[in-house]
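# Inside the fold
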Amino acid sequence: MMDAATVQKVQERDDVSVAIEVGELLGERGLEAAGKRAEHAGDDEAWADLELERGHLLLALGRLAEVGQTVTRVLQRCPDELRAFWLLRTAAHEGGDYETFVRASYQLAQRLAAPNVIVALLREVATTLDELLERRLDAAAVWRELLDHDPLHAEAFKNAHRLFVAESDHVALHELLGHVIAHADPDDELAVSTLLERGQL
């Protein structure tokens, strides 16, 4: 709740700079309040709730390094707290820290049960590894892992194939082709062309 002096200030100077100042002031108060409540939390779950509340306030204030510190504290005490990984993922992406973005996204993919969410996360991880971090073999491995969750995912097969060929990883390529053959309709064009390609390796 804004006090009377703050309200008066906004009314007198209705501009962007004042709005930012007020937002930062309220954010600081929220951080302080959440921190105090966390100190007296009755259990780990309640404590994590309050720490993550602080983390989201820090994110809104653009204090990304402190978001990372908050997430680290939460995961040290609650290693499987999914909300901490989501928060870290968001903060890392906003800050352009793609290594951390990849790690947080991959950890989520290992812990979630919904196949469509897992596939979406692995797709983001593989794309980031390939296009932004230029870690081609790591990207290929993640594309291949995605196929374990969606066996005939066309984009995953195309990119894993491209990267294994580019890196001359014939063992991985042979296994990839075998995977497609095992899951595709034997009469499908993909299965036929894959059989022919594997025979030429």
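These numbers were taken from a predicted model, which means no experiment stands behind them. (Residues numbered from 1 in each chain as written. Predicted model: local features only at pLDDT ≥ 70, side-chain atom pairs only at ≥ 80, totals over all residues. Heavy atoms only, no water.)

### A short note on the environment of leucine 82
Take leucine 82: it is sitting in helix H5 (residues 82–95). In this structure, the C-alpha to C-alpha distance between leucine 82 and arginine 111, residues 29 residues apart in sequence, is 7.9 Å. Beyond its immediate stretch of four places on either side in the chain, leucine 82 contacts Leu108, Arg111 and Leu112. (Helix = DSSP H or I, 4+ residues; strand = E, 2+ residues; numbered from the N terminus. Contact = heavy atoms within 4.5 Å.)

### Observations regarding the pattern of salt bridges
Under the criterion given, the structure shown has 13 salt bridges. Across the pair aspartate 49 and arginine 83 runs a salt bridge, and its minimum N-O distance is 2.7 Å. Of this pair, aspartate 49 sits in helix H3 (residues 44–60) while arginine 83 sits in helix H5; the two residues are 34 residues apart in sequence, bridging distant segments of the chain. Judged by relative accessible area, aspartate 49 falls into the partly exposed class, the value being 34%. According to the relative accessible area criterion, arginine 83 is partly exposed, its value standing at 38%. With its nearest N and O atoms 2.9 Å apart, the salt bridge here joins aspartate 138 to arginine 135. With relative accessibility at 35%, the residue aspartate 138 sits in the partly exposed group. The class of arginine 135 is partly exposed, set by a relative accessible area of 29%. Through salt bridges that share partners, Asp49, Glu81 and Arg83 make up one connected network. (Salt bridge = Lys/Arg side-chain N within 4 Å of Asp/Glu carboxyl O. Buried < 20%, exposed > 50% of the residue type's maximum accessible area, 1.4 Å probe, protein only.)

### Some thoughts on H5
With 14 residues, H5 should reach 20 Å at 1.5 Å per residue; the first-to-last C-alpha distance of 20 Å fits that figure. Buried within H5 we find Ala84, Phe85, Leu87, Leu88, Arg89, Ala91 and Ala92. Where H5 is buried, its residues meet H3, helix H4 (64–77), helix H6 (98–111) and helix H7 (115–131). One or two steps after H5, the chain reaches glycine 96, where phi turns positive at roughly 70°. (Expected span 1.5 Å × (residues − 1).)

### Points about the side chain of histidine 179
Take histidine 179: it is sitting in helix H10 (residues 170–183). The class of histidine 179 is buried, set by a relative accessible area of 6%. Ignoring any residue separated from it by four or fewer positions in sequence, one finds histidine 179 in contact with Arg144, Leu147, Asp148 and Pro151.

### So, the nonpolar core
Here is a general trend for soluble globular proteins: nonpolar side chains tend to be buried in one another's company. Core analysis: the biggest nonpolar cluster contains 43 residues, and Val67, Val71, Trp143, Phe164 and Leu176 have the highest contact counts within it. Ranked by the residues each element gives to this core, the list is headed by H7, at 7 residues. Not counting chain neighbours up to four residues away, the residues in contact with phenylalanine 164 comprise Ala140, Arg144, Asp169, Ala172, Leu173 and Leu176. (Core = buried A, V, L, I, M, F, W, Y, C linked by side-chain atoms within 4.5 Å.)

### Overview of the packing of helix H8 (residues 136–149) against helix H9 (residues 154–166)
Where H8 contacts H9, the axes come no closer than 8 Å and their chain directions differ by 145°. Two packed elements cross with a definite hand, and for H8 against H9 that hand is left-handed. Contact with H8, carried on its side by Arg136, Ala139, Ala140, Trp143, Arg144, Leu146 and Leu147, involves Glu155, Ala156, Phe157, Asn159, Ala160, Leu163 and Phe164 of H9 and no other residues of that element. Partitioned by chemical class, the residues of the contact of H8 with H9 number 10 nonpolar, 1 polar and 3 charged. (Axes fitted to C-alpha atoms, helices over the stretch in contact; angles between N-to-C directions. Left-handed = near helix turned anticlockwise from the far one by under 90°. Nonpolar A, V, L, I, M, F, W, Y, C, P; charged D, E, K, R; others polar.)

### Points about the packing of H6 against H7
The N-to-C vectors of H6 and H7 enclose an angle of 155°; their axes lie 9 Å apart at closest approach. Taken together, H6 and H7 sit at an angle that is classed as roughly antiparallel. For H6 against H7, the interelement crossing comes out left-handed. Counting all contacts with H6, which are made through Tyr98, Phe101, Val102, Ser105, Tyr106, Leu108 and Ala109, the residues of H7 involved are Ile118, Leu121, Leu122, Glu124, Val125, Thr128 and Leu129. (Parallel < 35°, antiparallel > 145°, perpendicular 65-115°, else oblique.)

### What about unusual backbone geometry?
Even without being a glycine, glutamate 134 presents a positive backbone phi close to 55°. With respect to the element layout, glutamate 134 can be found in the loop between H7 and H8. Positive phi values are uncommon outside glycine, yet serine 168 reaches one of about 55°. Overall, serine 168 belongs to the partly exposed group, its relative accessible area being 47%.

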